[in-house]
Amino acid sequence: MSTTFTMRIREEDKELINEYAIIHGQSMSSFMLNTALEAIEDDIDLREWRKAKAEFDKNPVTYSAEEIAAKYL
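Procedures and definitions
- Starting from 1, residues in each chain are numbered consecutively following that chain's sequence as written.
- Thresholds applied to this predicted model are a pLDDT of at least 70 for local features of residues and 80 or more for the giving and counting of side-chain atom pairs; totals over whole chains, interfaces and linings are not thresholded and use all residues.
- Excluded from the side-chain calculations are hydrogens and water; all other atoms, namely the structure's heavy atoms, are used.
- In this analysis the probe radius is 1.4 Å and the grid spacing 1 Å, with only protein atoms considered; a cavity is a set of points the probe fits into but cannot get out of, a pocket is an open set with protein on both sides within 12 Å along at least five of seven lines, and lining residues have an atom within 4 Å of a point.
- Grid points are joined across faces, edges and corners, and a volume is the space filled by probe spheres set on the points.
- Each helix corresponds to a stretch of at least 4 residues labelled H or I by DSSP, and each strand to a stretch of at least 2 residues labelled E; elements are numbered beginning at the N terminus.
- Ten residue types, Ala, Val, Leu, Ile, Met, Phe, Trp, Tyr, Cys and Pro, are classed as nonpolar, four, Asp, Glu, Lys and Arg, as charged, and the remainder, Gly among them, as polar.
- Here an angle of 0 to 180 degrees is reported between the N-to-C directions of two axes, which are lines fitted to C-alpha atoms, with helices fitted over the stretch in contact.
- Roughly parallel here means an angle under 35 degrees, roughly antiparallel means over 145, roughly perpendicular means 65 to 115, and every remaining angle is called oblique.
- Contacts: residue pairs with any heavy atoms within 4.5 Å of one another.

### Some points on the layout of surface pockets
Empty space left among the atoms is revealed by rolling a probe the size of a water molecule over them.
And then number 1: Roughly 360 Å³ of internal volume is contained in the largest pocket.
And then number 2: Lining the largest pocket are 13 residues; nearest its centre among them are Phe5, Met7, Met28, Ser29 and Met32.
And then number 3: Going through the elements one at a time, helix H1 (11-23) and helix H2 (28-58) are the ones with two or more residues in the lining of the largest pocket.
And then number 4: The residue inventory of the lining of the largest pocket, partitioned by class, reads 6 nonpolar, 4 polar and 3 charged.

### Here's the deal with the packing of H1 against H2
And then number 1: H2 packs onto H1 with a crossing angle of 90° between their chain directions and a minimal axis gap of 8 Å. Considering the angle they form, H1 stands roughly perpendicular to H2. From H1, Lys14, Ile17, Asn18, Tyr20 and Ala21 reach across to H2, where they touch Met28, Phe31 and Met32.
And then number 2: For the contact of H1 with H2, the class distribution of residues is 6 nonpolar, 1 polar and 1 charged.

Below, the structure written as structure tokens:
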């Protein structure tokens, strides 16, 4: 199910976004949706990376590919 979303932006911003979307072979609405979803995914990825980095910083142990293979193969 889809819904309509309305956004107030300056006309010159709308034209810029629309032209950019067309250059990339998308409708303005597809471009806006994809851009918003990518921003959300990037934010989630960055949060997960920060959590993993903090965990690694607490215990910075690494293993070689050979060590992993020997343990699990």
